[in-house]
Amino acid sequence: MNIAVFVSGNGSNLQAIIDAASKGAAPYKVALVVSDRADAYALKRASAAGIGTLVADPKKYASREEYDRAVTEALEKKDIGLIVLAGFMRLVSPFFVRKYKHRIINIHPSLLPSFKGTRGIRDAYDYGVKITGVTVHFVDEELDHGPIILQGAVTVEENDTAESLEEKIHKLEHKLYPEAVRLFALGKLEIKARHVSVKK
Ligand code: GRF
């Protein structure tokens with residue numbers, strides 16, 4: 001299955017997905033990396049791995065939907081079966097969610113539904129939670145909301161700082177995200193309303 005990874009920044013999750021694929025017979029191929037920012041470090045990672053990139057600058061489009069329609073053209077050319085949002089700092093349009101229903105996934109650095117939004121790690125730390133974690137979920141029309149595919153927990157120790165917690169979270173993300181992509185590409189995810197199960 002050809003997958004597209006959408007990024008805006010560092011791209012460490014993109015890297016984990018590329019690395020996992022290069023290790024063995026992965027059921028997916030990263031066929032395109034899409035960024036809304038020309039200066040995203042993730043684009044360098046894509047080029048280093050020989051993966052095609054598309055930079056789509058939001059300023060050049062009148063609306064979110066026009067943006068997503070332009071990106072969709074590129075996705076269709078590459079026969080993309082799964083869209084993986086990995087630190088992509090834009091909301092996708094209802095058009096895009098409908099077009100790729102249950103074929104867009106996202107990773108969020110907290111145990112949803114707690115600590116939605118762009119500051120998931122810092123908000124959980126500041127709140128003083130003892131356990132936080134990582135969520136991989138399908139994308140629907142609401143922010144950080146769709147059916148949950150995988151979650152993993154991280155314990156906040158007394159000597160943790162926001163920075164050390166961030167490191168732990170990223171480490172777990174880099175395990176969970178490639179695994180979720182693999183399960184999807186193998187056709188093992190079954191969705192019933194909000195419940196996602198993994199077929200044996
Ligand atoms: C990750 O923490 C992810 O959970 C969040 O954005 C961050 C992206 O990091 N959605 P990277 O660009 O993959 O390094």
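Residues numbered from 1 in each chain as written. Predicted model: local features only at pLDDT ≥ 70, side-chain atom pairs only at ≥ 80, totals over all residues. Heavy atoms only, no water.

## Re the environment of serine 22
Residue position: serine 22 is located in helix 1 (residues 12-23). Residue classification places serine 22 among the exposed residues on the basis of a relative accessible area of 59%. For the pair serine 22 and glutamate 66, spaced 44 residues apart in sequence, the C-alpha to C-alpha distance is 34 Å. (Helix = DSSP H or I, 4+ residues; strand = E, 2+ residues; numbered from the N terminus. Buried < 20%, exposed > 50% of the residue type's maximum accessible area, 1.4 Å probe, protein only.)

## Some details on helix 3 (residues 64-77)
Taking 1.5 Å of rise per residue, 14 residues should cover 20 Å, and helix 3 covers 20 Å from first to last C-alpha, within 8% of that figure. For helix 3, every residue scored as buried is listed here: Tyr67, Asp68, Val71, Thr72 and Leu75. The buried residues of helix 3 occupy an angular sector of 135° when the element is viewed end-on, so they sit on one face. Opposite its buried face, helix 3 presents the exposed residues Glu73 and Lys77, each directed more than 90 degrees away. Those residues of helix 3 that are buried are in contact with strand 1 (2-7), strand 2 (29-35), strand 4 (80-85) and helix 4 (94-99). (Expected span 1.5 Å × (residues − 1). Arc of directions from axis to C-beta. Contact = heavy atoms within 4.5 Å.)

## Focus on the site of the ligand
Taken together, Asn10, Gly11, Ser12, Asn13, Gly87, Ile107, His108, Pro109, His170 and Glu173 make up the full set of residues near the ligand. A distance of 2.3 Å is found between an oxygen atom of the ligand and a side-chain nitrogen or oxygen belonging to glutamate 173. For the ligand, whose accessible area on its own is 370 Å², the fraction buried by protein is 84%. At the level of secondary structure, the elements contributing two or more residues to the shell around the ligand comprise helix 1, strand 5 (104-108) and helix 6 (162-185). (Near = heavy atom within 4 Å. Polar contact = N/O pair within 3.5 Å; in protein donor to acceptor, adjacent residues only side chain to side chain. Areas by Shrake-Rupley, 256 points an atom, 1.4 Å probe, with all protein chains shown as cover.)

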